[in-house]
Amino acid sequence: MNMKKLFLSIVILLSLALPASAAHLKGGWIQYTYLSPGSAPNSSKYQITVRQYLACNSTGGQRDASIFLGIFDGSTNQLLSTLTIARTSTDNPNKTDYSPCLNTKPPVCYLIDIYSQTVELPNNAAGYTLAVQRCCRIQGIVNVSGNSNNIGISYTNKIPGIINGVDYSKNSSPVFAQKDTVIVCFNAPFTFDFSATDTDGDLVTYTFCDGLVGGDVSATGAQPNPPSNPPYGAVPYASVYSGSSPMGTSVTIDPQTGIISGIAPSTTGDYIVAVCANEFRNGVLIGITKKEIHIAVANCSLSAATLKPSYITCNGTTLSFQNESTSSNITSYLWDFGVTTLTTDTSTSPTPTYDFLKSGKDSGTYTVKLKVSSSAGCQDSTTAQVKIYPGFVAKINVSGTCYLNSYKFFDASTTIYGIVNNWRWNFGDSTTLADTAISKDSAWKYATPTNTQISLIVGNSKGCIDTITQPLTILDRPALSLPFRDTLICSNDSLLLKVNISSGLVLWTPMNGPNKTRILNPTSPTPLVFPRDTTKYYVSVNDNGCANADSVTVNVLQFITVKAGMDTGICQTDSFRLRPISDALSYQWTASTGEKVQAIKSPLVKPLVNTRYYVLANLGKCQAKDSVLAKVAPYPTATVGSDVTLCFGSRVQLNGTVTGSVFSWSPTNSLINENTLQPTAGPTKTTTYILTATDTIGCPKPKSDTIVITVIPPVIAYAGKDTAVIPNQPLQLNATGGINYTWSPTIGLSDPNIANPIVILDGAVDSVTYTVRVTSGNCFNDDQLTVRVFKTGPNILVPSAFTPDGDGKNDIVKPIPIGIVKLNYFSVYNRYGQLLFTTTEIGKGWDGVFNGVAQPSGTYVYQAEGTDFLGNSVFRKGTVVLIR
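Each chain has its residues counted from 1, following the order in which its sequence is written. Only residues with pLDDT of at least 70 get local features here, since the model is predicted, and only at 80 or more are side-chain atom pairs given and counted; chain-wide, interface and lining totals rely on the full set of residues. Heavy atoms throughout the structure, all of them, feed into the side-chain values; hydrogens and water do not.

(A) Quick peek at the overall build of the protein. A run of H or I in DSSP becomes a helix once it reaches four residues, and a run of E becomes a strand once it reaches two; helices and strands are each numbered from the N terminus. Scanning the protein from terminus to terminus reveals one helix and 70 strands. Per-residue accessibility, obtained with a 1.4 Å probe over protein chains only, is compared with the maximum for each type, and a residue is labelled buried under 20%, exposed over 50%, and partly exposed between these values. Taking all 884 residues of the protein together, the buried fraction comes to 44%. Counting contacts in the protein only where the partners sit at least 6 residues apart, residues at least 24 apart contribute 63% of the total. Areas reported as accessible are Shrake-Rupley estimates using a 1.4 Å probe. Residue values count occlusion only from the protein chains shown. Total accessible area on the protein stands at roughly 43900 Å², and carbon and sulfur atoms take up 52% of it. All tallies of charge rest on Lys and Arg as positive and Asp and Glu as negative; His and the ends of each chain are not included. The atom standing in for a charge is NZ when the residue is Lys, CZ when it is Arg, CG when it is Asp and CD when it is Glu. Positive and negative side-chain charges of the protein, numbering 62 and 57 respectively, have mean locations separated by a distance of 3 Å. Contact criterion: two residues are considered in contact whenever any of their non-hydrogen atoms come within 4.5 Å of each other.

Following this line, the structure appears as structure tokens:
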């Protein structure tokens, strides 16, 4: 044999000899059953069964012929023995029946290898912890962080021993139902039955719990023998997942039934789900049986009718329903709400609401049916039980004094139907996990004072369940409160003291001092005291070792006085508060006018006329009297009339009237004679003027009135620029600035009442200055222009010289058209014939600059051409002198 073949043979032999650790595990759990006393004294016989879930494609090398069960002390976790248990049978649950409305048929299959053996164990007060470890899980588990195929699993259970002096060793663990082949489609509602039965009749409740790691990928760690000592760590859950939320927050487990339900995650793949079945006997938690499997979320959808497992309302008779299927191709719905006496208890709405009071009964159990049809013709139906039992109210009563004694918890829940019959308390003690109970009433002793939250999950025989949570303060001493800690009495009076407590023994001191501190019933919460001098009384409370104390001071006066205050003035219709000065504890008021006055120390009064108020002050048998006079005066008045609209630049006289001794205007910067009631106002903008009147005699409160003067902005009248014409030349004027226009004089005007009249002047007129009045609303303004008449005929005049020195006089040379309606051009040339300037705009000229350079003094040539009002061309040519 050559070396290559020898090496290959060694590899094959090693692979056959070592336990297979390829990723294949999908969960498992341990069950134990008590059979009888053992053959040895003080021993018990149990049947121990281990179920190991594997992927259906697991090979023979991945399936264990036997497993190694570690048996540990239930208190110290010390290894006591190891059992090698051979595989006794195999189960192969495989999903074969699929809904015709399912778009795909995802495989749901497990291999369950079963290992079972009878064992005798000595009776152990601490009980036993059973454990099996194996590696590794399948690859790609969604809710696990990292490589899940490198993570193993630990199956555990605990056989109880003696708890609180009671022997629970003759116990059989709950047995989980074998209902693992459930189709779970992503983003779709589902239910998964994780319920268990208990042959001993113990109460079983359910919670999600951590999946546990165990073993490793090494040759010896794939199937540890013996298993490592407990406790075992949790699998490394991926973000947003945990042992208590293994499939996200939309999936929950019913603590009473073990039914997992909700909306499946959107990510397909396997999820580790571990459920703890908590076993209670007579309110004592005696065991926790854990089952862990992988639930596969498949890429599928169901065009079907899906309802919740059941519906219940315990606070009304109305329920809303919807198809829990997320399929988008459902086209019709038919609901039947199960009222057998009606035919109208139906609906075709996708999300109906139904009031079961229509049945004629306010309670009962009904079967609701939903039938749906899809666009592809698939029809499906389902039913669900509906319970209507209103009138269930959860309530908690708590009594307790301090942490040294137990606090007592009482269920005060009420129900109209059935009986309140199940409870689960959580007392909020963060120092322990044992602060729970399942009895109706219970008690718990806290180790230290604390602030916590207690909760009660309570249900009735009809299936109603509610959770109530309330804050609870664990005191370091019993609660004690006094109505007052400082009070007054008269020297010849007695006083009833009081302390508020929930329970305990009371003692007041000092007791019966030398003629001054006599006290009756010093052990009562309400003693009667007769102090003759100021005395401090102490009260102590003791409730089974919980103690507290406080004190109250009783100030003793030989007599009292009362001062009602100084006489005062008040405005009519106003109210004010009487404020006497006194040590009295009670007051009686009367008014000279018969006005009713409240019998308190500082009542609110509203005198309409001059009124005297009398006060009788009492401190027990001590009395004092006094009075105060309220003088009533009417409010001042101020009136300024209606608002005014004013043209800019105008003035108006204000006319105010007042009732009062003093008045003032504001603002005053635009007023003339502002110290009179008739000032003249000349604002330049809209202004609000305020007239304020006051009365310094009886009612000092001011009263005001306002007037708004709205100022219309100034009218900007524009008649146009002065111009020149020749005889009989039409000239169109064009005024701006307002709405209405009036021209004067009317000589030669086509219409003196428009903005743009045409003027024609004959040769008898040299010039006319026109004034236009521009009006906007009630406001106007004037402007003028002058029209000169040249009798020479149409012409273009050009000055002979100009001085562009920037003084604003004769700075440009420009043509002056006479009888010209259009300037064809005006051009200026230097003596070399170079064009320096040209324009066609009337009124525009040359400033002596060319290309940004001022031209020198000298003679320049111009040419101009225009068209007169008859359409004839007029041409002029000449010279102009530039002078600098």
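(B) Quick peek at the sheet that holds strand β53 (residues 680-681). Pairing between strands is defined by DSSP: at least two bridges between the two strands are required. The three strands lie next to each other as β49-β53-β52, forming an open sheet whose pairing is antiparallel. Where the open sheet ends on each side, the last strands, each with one partner, are β49 (652-653) and β52 (671-672). Here β49 runs beside β53; their pairing, made up of two bridges, is antiparallel. Residue Val 652 lies in a different strand from β53, and its bridge partner there is Ala 681.

(C) The sheet that holds strand β40 (residues 568-571), seen in detail. An order of β40-β46-β45-β43 is seen for the four strands of this open sheet, with the pairing classed as mixed. Each edge of the open sheet carries a strand with a single partner, namely β40 and β43 (586-591). Looking at each pair of strands side by side, their axes are set apart by 30° on average, direction ignored. As judged from the nine bridges shared by strand β45 (residues 611-619) and strand β46 (residues 622-633), these two strands associate in the antiparallel manner. Bridge pairing in β46 places Val 615 opposite Asp 626. Lines fitted to the C-alpha atoms define the axes, with helices restricted to the stretch that makes contact. Angles between their N-to-C directions range from 0 to 180 degrees.

(D) The state of the cysteines, seen in detail. The definition used for a disulfide is geometric: two cysteine sulfur atoms within 2.5 Å. All told, the structure shown has nine disulfides when counted by the stated rule. What pairs with Cys 56 in a disulfide is Cys 109, and their sulfur atoms sit 1.7 Å apart. Residues Cys 56 and Cys 109 share a disulfide whose torsion about the S-S bond is about -85°; that sign makes it left-handed. Pair noted here: Cys 56 is in the loop between β2 (43-54) and β3 (66-73) and Cys 109 is in the loop between β4 (79-91) and β5 (111-122), with a separation of 53 residues, a long-range link. Owing to a relative accessible area of 30%, Cys 56 belongs among the partly exposed residues under this scheme.

(E) Representation of the pattern of salt bridges in the model. When a carboxyl oxygen of Asp or Glu lies within 4 Å of a side-chain nitrogen of Lys or Arg, that pair is called a salt bridge. What the rule picks out here adds up to 14 salt bridges. The salt bridge involving Asp 200 is made with Arg 281; its shortest N-O contact spans 3.5 Å. Placement of the pair is Asp 200 in the loop between β12 (196-197) and β13 (203-209) and Arg 281 in strand β16 (residues 269-281), with a sequence separation of 81 residues. Looking at Arg 281, the relative accessible area reads 19%, which means it is buried. One network of salt bridges, with partners in common, ties together Arg 63, Arg 87 and Asp 113.

(F) Layout of the pairing of strand β55 (residues 703-712). Here strand β48 (residues 644-647) runs beside β55; their pairing, made up of four bridges, is parallel. From the neighbouring strand, Cys 647 faces β55, where its bridge partner is Ile 712. Pairing analysis gives seven bridges linking strand β54 (residues 687-694) to β55, with the strands arranged antiparallel. When the bridges of β55 are listed, Tyr 689 appears paired with Ile 707.

(G) Focus on the confidence of the model for the protein. Each residue carries a pLDDT score, the predictor's own confidence in it, on a scale running from 0 to 100. Overall, the predicted model of the protein reaches an average pLDDT of 90, with 96% of residues at or above 70. Low pLDDT, under 50, characterises residues 1-22; the predicted model gives this stretch 17 contacts beyond four residues in sequence or across chains.

(H) How the structure looks around unusual backbone geometry. The linkage connecting Thr 509 with the following residue, Pro 510, adopts the cis geometry, with an omega of 0°. Looking at the element boundaries, Pro 510 is found in the loop between β34 (505-509) and β35 (517-520). Positive phi outside glycine occurs at Val 240, with the angle close to 75°. Tracing the backbone shows Val 240 in the loop between β13 and β14 (251-253). Located in the positive-phi region is Asn 728, a residue other than glycine, with phi close to 70°.

(I) Expanded view of the packing of aromatic side chains. Planes of paired rings set the category: under 30 degrees apart is stacked, over 60 is edge-to-face and the rest tilted, where pairs are Phe, Tyr or Trp rings (Trp by its six-membered ring) whose centres lie within 6.5 Å. Applying the stated criterion across every chain, the model contains 27 aromatic pairs. Between Phe 337 and Tyr 354, the aromatic rings sit 4.5 Å apart at their centres with planes inclined by 10°, giving stacked as the arrangement. With Phe 337 in the loop between β20 (330-336) and β21 (346-347) and Tyr 354 in strand β22 (residues 353-355), this pair connects stretches of sequence that are 17 residues apart. Under the relative-accessibility criterion, Tyr 354 is labelled buried at 5%. In textbook terms, an aromatic cluster arises when at least three aromatic residues are bridged by ring pairs, as seen for Tyr 311, Phe 321, Trp 335, Phe 337, Tyr 354, Phe 356 and Tyr 366. Counted as over-ring charges are cases with an Arg CZ or a Lys NZ within 6 Å of the ring centre that also lie within 35 degrees of the ring normal. When the ring centre of Phe 530 is taken as reference, the NZ or CZ atom of Arg 518 above it lies at 4.3 Å.

(J) Structural context of the nonpolar core. Grouping buried Ala, Val, Leu, Ile, Met, Phe, Trp, Tyr and Cys residues that are joined through side-chain atoms within 4.5 Å yields what is termed a nonpolar core. If you look at the biggest cluster of nonpolar residues, it comprises 36 residues, and the most contacted ones within it are Phe 190, Phe 194, Met 247, Ile 260, Val 273 and Val 275. When contributions to this core are tallied by element, the ones reaching two or more residues are β5, β11 (189-193), β13, β14, β16 and β17 (284-297). If one sorts the elements of this core by residue count, β16 sits on top with five residues. Aside from chain neighbours lying at most four places away, what touches Phe 194 is Phe 176, Tyr 206, Gly 258, Ile 260, Val 273, Val 275, Lys 291 and Ile 293.

(K) Examining the environment of Asn 92 more closely. For Asn 92, the position within the fold is in the loop between β4 and β5. With residues up to four places along the chain from it excluded, the contact list for Asn 92 reads Cys 56, Cys 109, Tyr 110 and Leu 111. Within the structure, Asn 92 has its side chain in polar contact with the backbone oxygen of Tyr 110 (distance 2.7 Å). For the purposes of these results, a polar contact is taken to be a pair of N or O atoms within 3.5 Å, where, inside protein, one atom must be able to donate a hydrogen and its partner to accept one; residues adjacent in sequence count only when each atom of the pair is a side-chain atom.

(L) Up close: the side chain of Thr 289. Considering the arrangement of structural elements, one finds Thr 289 in strand β17. For Thr 289, a relative accessible area of 1% translates into the label buried. Here the side chain of Thr 289 touches Asn 157 through a polar contact of 3.2 Å, side chain to side chain. Thr 289 has contacts with Trp 29, Ile 30, Asn 157, Ser 173, Pro 174, Phe 176, Val 275, Cys 276 and Ala 277, leaving out every residue within four places of it along the chain.

(M) Highlighting the side chain of Asp 695. Relative to the elements of secondary structure, Asp 695 occurs in the loop between β54 and β55. The side chain of Asp 695 sits in the buried core without any salt bridge; Lys 703 is the nearest counter-charge, 13 Å away. Other than its neighbours up to four places away in sequence, Asp 695 contacts Pro 636, Ser 661 and Pro 700.

(N) Fine view of the pairing of strand β70 (residues 873-882). The pairing of strand β63 (residues 801-802) with β70 spans two bridges and is classified as parallel. Its bridge partner being in β70, Phe 802 is matched across the sheet by Leu 882. Here strand β69 (residues 858-868) pairs with β70 via ten bridges, running antiparallel. When the sheet's bridge partners are listed, Tyr 860 is paired in β70 with Val 880.

(O) Looking closely at the environment of Ser 664. The topology assignment puts Ser 664 in strand β51 (residues 662-666). Using a relative accessible area of 37% as the deciding quantity, one classes Ser 664 as partly exposed. Sequence-distant contacts of Ser 664, defined by excluding residues within four places in its chain, comprise Ile 690, Leu 691 and Thr 692.

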